[in-house]
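Below, each chain spelled out in residue letters.
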Amino acid sequence: MATVETAESAVSEEGGVRRRDFINIAAVSFAGAGAVATVFPLVNQMNPSADVLALASIEVDISAIEEGQSIKTSWRKQPIFIRNLTAPEIAEANAVSLDELRDPETLADRTTAGKENWLITLGVCTHLGCVPLGAAQGEVKGEYGGYFCPCHGSHYDTAARIRKGPAPTNLVVPEHEFLSDTVVKIG
Amino acid sequence: MSFPWAKHYTPSTEFGQWMDEKLPLPRFVYNSLGAGYPAPRNLNYMWNFGSLAGIFLVVQIVTGIILAMHYAANADIAFDSVEHIMRDVNSGWMFRYAHANGASFFFMAIYLHIGRGLYYGSYKAPREMIWLLGVVIYLLAMATAFMGYVLPWGQMSFWGAKVITGLFEAIPLVGTPIQELLLGGFAPDNAALNRFFSLHYLLPFMIVGVIILHIWALHIPGSNNPTGVDVKGPQDTVPFHPYYTAKDGWTLGLALIFFSIMLFFMPNFLGHAENYIPANPLSTPANIVPEWYFWPWYAILRAFTVDFLFIPAKLLGVLAMFSAILVWFFLPWLDKSPVRSGGYRPLFKKFFWFGLIPCIAVLGYCGGAHAEEPFVMMSQIATAYYFAHFLIILPLLSSFEKPEPLPNSITEAVTGKPLEQAS
């Protein structure tokens, strides 16, 4: 047959490794590396696109938020709670011993130094992602005076720390920075 | 499947054994694309384009599914969503260019595959059904490509949709209602865009289905070969794997190199700048031309400029364009020569290389050019010749032509020794 291997081309001098084995392994490895290199963009295209990432930071004017009030805004298509804590609420949060907490953090850990009254958190329950109540006027604030998630009954305290219910961790504090006394940049 | 000496599948692992008893899918693949399919030993490189077309169909489906993740089929934002893919989506530009150029590579492969069939008589008995299914695949691919080209909703997209659906308006009496039915309106708009997107997503999977039938039909008689002589014994064949998988792999590598050159260095070479202008229903581009792979048919459409008897020129052009492809359905019965391969048909060979191929090249060139002289006249002559080739020359050739003597077997053609003695 035209395709039969001759003894010279098929077998090398030593070890019984055929030249064709080398060609096979080289070709398949090359094709395999190419396939892997192709798979990367095929998967990576599902990551957030440039226009989504361009929305990654927002600036919020907080001058109109009175003490004891909070607002809901939106960052990366997720709700953000910005709360101006009252002095009793701050005191209540600071009075809690860290031992009692499921996810131990102090109010100072969760706020900016000198602006401990500004509690900025994601409005996303850490259990399964519902929006907790307590940010808008007249909503239930839960047993600890912070936030209450109606989906599965998680209670957060005035520092938005988990105190009761199924949620594993405190409400997430996004990276933020005060550009001035009245403008905060989130993200 | 087809020959008694085909290698038998034997599962090498216990799991393979278990699987083979429950769902013999590995056996099926082994028998159709693996060592269990004996293929003629003398297949030349023209036999590589079927698998290549299949692979480019897979490229189209994969990139297409990805594009559909980011595209919005709404006339208000379709164009912007394509720009979003180009600028914002991670590697989105690559997927869009791969999809646009992949279509050209698919058609290039399919044309070489069809040309191979035309020259080597692969459409003749007992392979008529393979050929007919292939024509169906080609028609589906044309519809898919046309609707896909509408989706970016640029100027060429819009006016392409208008012109092509306008073809149906040429049908007497019911033409206008049919065009309105196809568009869901009086001109291309949101309704048309949405249905084109839906069908553009559906048709490739129908093509896959017909390809499975195409390969199934192929495995009954087995592959044709450059001599056109039937396989007569085990010495005439080699197992498809590894012989033809390796050979196909080599040309796949070459094709991917050319594809990469197009994709990364000249992605818009085959496109129209006009299609980067958003669709404008009030302004027609100076020269509406389809993609290159439709040029020959487009030239036939435009070749009819005068009414004939009671038939208007518009209807004649449409009928001729569809007939130019539909005539392929009758090809196995128009060409009555018992000799399959053009290599042993001295007259057919001349008419093929110096008649049909230049004729299609002229049609292609005219289809891409402006509709003015001398291109209209050239299209008319070439159109006449095109139909003459299939309807007059091929039927007559089979009675006039004296074929050259055929080899007794494939093995004899390859080795010069008779089948029994060759080793």
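Just so it is clear, the model here is predicted, and its values are computed rather than measured.

Criteria and cut-off values
Residues numbered from 1 in each chain as written. Chains lettered and ligands numbered in written order. Predicted model: local features only at pLDDT ≥ 70, side-chain atom pairs only at ≥ 80, totals over all residues. Heavy atoms only, no water. Helix = DSSP H or I, 4+ residues; strand = E, 2+ residues; numbered from the N terminus. Expected span 1.5 Å × (residues − 1). Contact = heavy atoms within 4.5 Å. Domains from an automatic or database assignment. Buried area = accessible area lost by both parts, 1.4 Å probe. Polar contact = N/O pair within 3.5 Å; in protein donor to acceptor, adjacent residues only side chain to side chain. Nonpolar A, V, L, I, M, F, W, Y, C, P; charged D, E, K, R; others polar. Pairing = 2+ DSSP bridges. Axes fitted to C-alpha atoms, helices over the stretch in contact; angles between N-to-C directions. pLDDT = per-residue confidence, 0-100. Core = buried A, V, L, I, M, F, W, Y, C linked by side-chain atoms within 4.5 Å. Buried < 20%, exposed > 50% of the residue type's maximum accessible area, 1.4 Å probe, protein only. Patch = residues over 30% accessible without salt bridge, like charges linked within 9 Å, V, L, I, M, F, W, Y side chains within 5 Å. Areas by Shrake-Rupley, 256 points an atom, 1.4 Å probe, with all protein chains shown as cover. Salt bridge = Lys/Arg side-chain N within 4 Å of Asp/Glu carboxyl O. Phe/Tyr/Trp six-rings, centres within 6.5 Å; stacked < 30°, edge-to-face > 60°. Lys NZ or Arg CZ within 6 Å of the ring centre and 35° of its normal. Parallel < 35°, antiparallel > 145°, perpendicular 65-115°, else oblique. Left-handed = near helix turned anticlockwise from the far one by under 90°.

### Focus: helix α10 (residues 240-265) of chain B
Because an α-helix completes one turn every 3.6 residues, residues spaced three or four positions apart along the sequence face the same direction. Helix length check: α10(B) (26 residues) gives 35 Å between terminal C-alpha atoms against 38 Å at 1.5 Å per residue, within 8%. Looking at the buried residues of α10(B), the elements they touch are α2 (25-33), β1 (38-40), α3 (49-70), α5 (92-120) and β2 (237-239) of chain B.

### Some details on the domain arrangement of chain A
A common way to express how large an interface is: the accessible area buried when the components associate. Parsing chain A into structural domains produces domain 1 (2-44) and domain 2 (52-186). Centre-to-centre separation of domain 1 of chain A and domain 2 of chain A, based on C-alpha positions: 59 Å.

### Observations concerning the interface of chain A and chain B
Each side of the interface is counted separately: chain A has 13 residues, and chain B has 17 residues. Interface of chain A and chain B: buried area, both sides summed, is about 1200 Å²; carbon and sulfur atoms make up 61% of it. Seen at the junction of chain A and chain B, the total is 6 residue pairs in polar contact (both at pLDDT 80 or more). Those elements that place two or more of their residues in the side of chain A that touches chain B are α2 (19-44) and α3 (50-53) of chain A. Broken down by element, the side of chain A that touches chain B gets its largest block of residues, 3 residues, from α2(A). Considered class by class, the residues forming the side of chain A that touches chain B number 7 nonpolar, 5 polar and 1 charged.

### Things to note about the sheet that holds strand β2 (residues 70-75) of chain A
Residue and element names in this part refer to chain A. Reading across from one edge, β2-β3-β4 is the order of the 3 strands in this open sheet, with antiparallel pairing throughout. Two strands lie at the open edges of the sheet, namely β2 and β4 (118-122), each paired on one side alone. Neighbour-to-neighbour, the strand axes of this sheet turn through a mean angle of 20 degrees, independent of strand direction.

### A short note on the confidence of the model for chain A
Model confidence for chain A is summarised by a mean pLDDT of 88, while 92% of its residues fall at 70 or above. This stretch, residues 1-10 of chain A, has a pLDDT under 50; its non-local contacts, to residues over four places away or in other chains, come to 13 contacts.

### Describing the confidence of the model for chain B
Averaged over all residues, the pLDDT of chain B is 93; the fraction at 70 or higher stands at 99%. Both confidence scores are given for the complex: pTM 0.88, ipTM 0.78.

### Brief notes about the nonpolar core
B:W297, B:W328 and B:Y386 are the most contacted members of the largest nonpolar core, which totals 105 residues. The greatest single-element share of this core, amounting to 15 residues, is contributed by helix α6 (residues 128-150) of chain B. A domain split of this core shows at least three residues from each of domain 2 (48-228 + 237-288) and domain 3 (298-423) of chain B. Once residues within four sequence positions are removed from consideration, B:W328 is found in contact with B:I114, B:W131, B:V135, B:Y138, B:W297, B:Y386 and B:F390. Counting 16 residues, the second-largest nonpolar core is a separate cluster that includes A:L85, A:L119, A:Y156 and A:A167.

### Notes on a nonpolar patch on the surface
Residue and element names in this part refer to chain B. Together, Y45, W93, W250, L254, I257, F258, I261, F264, F265, M266 and F269 line one region of the surface with nonpolar side chains, adding up to about 1200 Å² of accessible area. If one sorts the elements of the nonpolar patch by residue count, α10 sits on top with 7 residues. Inspection of the secondary structure assignment puts F269 in the loop between α10 and α11 (295-302).

### Considerations on the pattern of salt bridges
Residue and element names in this part refer to chain A. Under the criterion given, the structure shown has 17 salt bridges over all chains. K164 serves as the salt-bridge partner of E143, at 2.9 Å between the closest nitrogen and oxygen. Taken together, the residues E143 in the loop between β4 and β5 (145-149) and K164 in strand β7 (residues 162-164) connect sequence positions 21 residues apart. Since its relative accessible area comes to 36%, K164 is described here as partly exposed.

### Details of the sheet that holds β7(A)
Residue and element names in this part refer to chain A. Strand order across the open sheet formed by 3 strands is β5-β6-β7, with antiparallel pairing between neighbours. Edge positions in the sheet fall to β5 and β7, since each of these pairs with one other strand and no more. Sheet twist, expressed as the average angle between the axes of neighbouring strands with direction ignored, equals 35 degrees. Strand direction decides the pairing type here: β5 and strand β6 (residues 154-157), joined by 4 bridges, are antiparallel. Looking across to β6, one finds that G145 is bridged to D157.

### Description of the packing of aromatic side chains
Residue and element names in this part refer to chain B. Tallied over the entire structure, the rule returns 41 aromatic pairs over all chains. A centroid spacing of 6.1 Å and a plane angle of 45 degrees characterise the contact between F240 and Y244, whose relative ring orientation is tilted. With F240 and Y244 both in helix α10 and 4 residues apart, the pair spans about one turn of that helix. Relative accessible area serves as the criterion here: at 16%, F240 is assigned to the buried category. The interplanar angle of 85 degrees and the centroid separation of 5.5 Å between the aromatic rings of Y386 and F387 together place this pair among those described as edge-to-face. The residues Y386 and F387 share a single accessibility class, namely buried. The lysine or arginine in question, R116, covers the ring of W47, its NZ or CZ lying 4.6 Å from the ring centre. If you follow K247 out to its NZ or CZ, it ends over the ring of Y45, 4.6 Å from the centre.

### Examining the domain arrangement of chain B
Domains assigned within chain B are domain 1 (1-36), domain 2 (48-228 + 237-288) and domain 3 (298-423). Of note, the centres of domain 1 of chain B and domain 3 of chain B, computed from C-alpha atoms alone, are 41 Å apart.

### Let's talk about the packing of α3(B) against α5(B)
Describing two packed helices takes the angle between their axes plus the distance from one axis to the other. All names here are of chain B. Close contact between α3 and α5 brings their axes to 8 Å; oriented N to C, the two are set at 160 degrees. Judged by the angle between their axes, α3 and α5 are roughly antiparallel. Considering the relative orientation of α3 and α5, their crossing is left-handed. Here α3 contributes F49, G50, L52, A53, F56, L57, Q60, T63, G64, I66 and L67 to the contact with α5, which in turn contributes F95, R96, A98, H99, G102, A103, F105, F106, A109, I110, L112 and H113. Among the residues forming the contact of α3 with α5, the class breakdown is 15 nonpolar, 7 polar and 1 charged.

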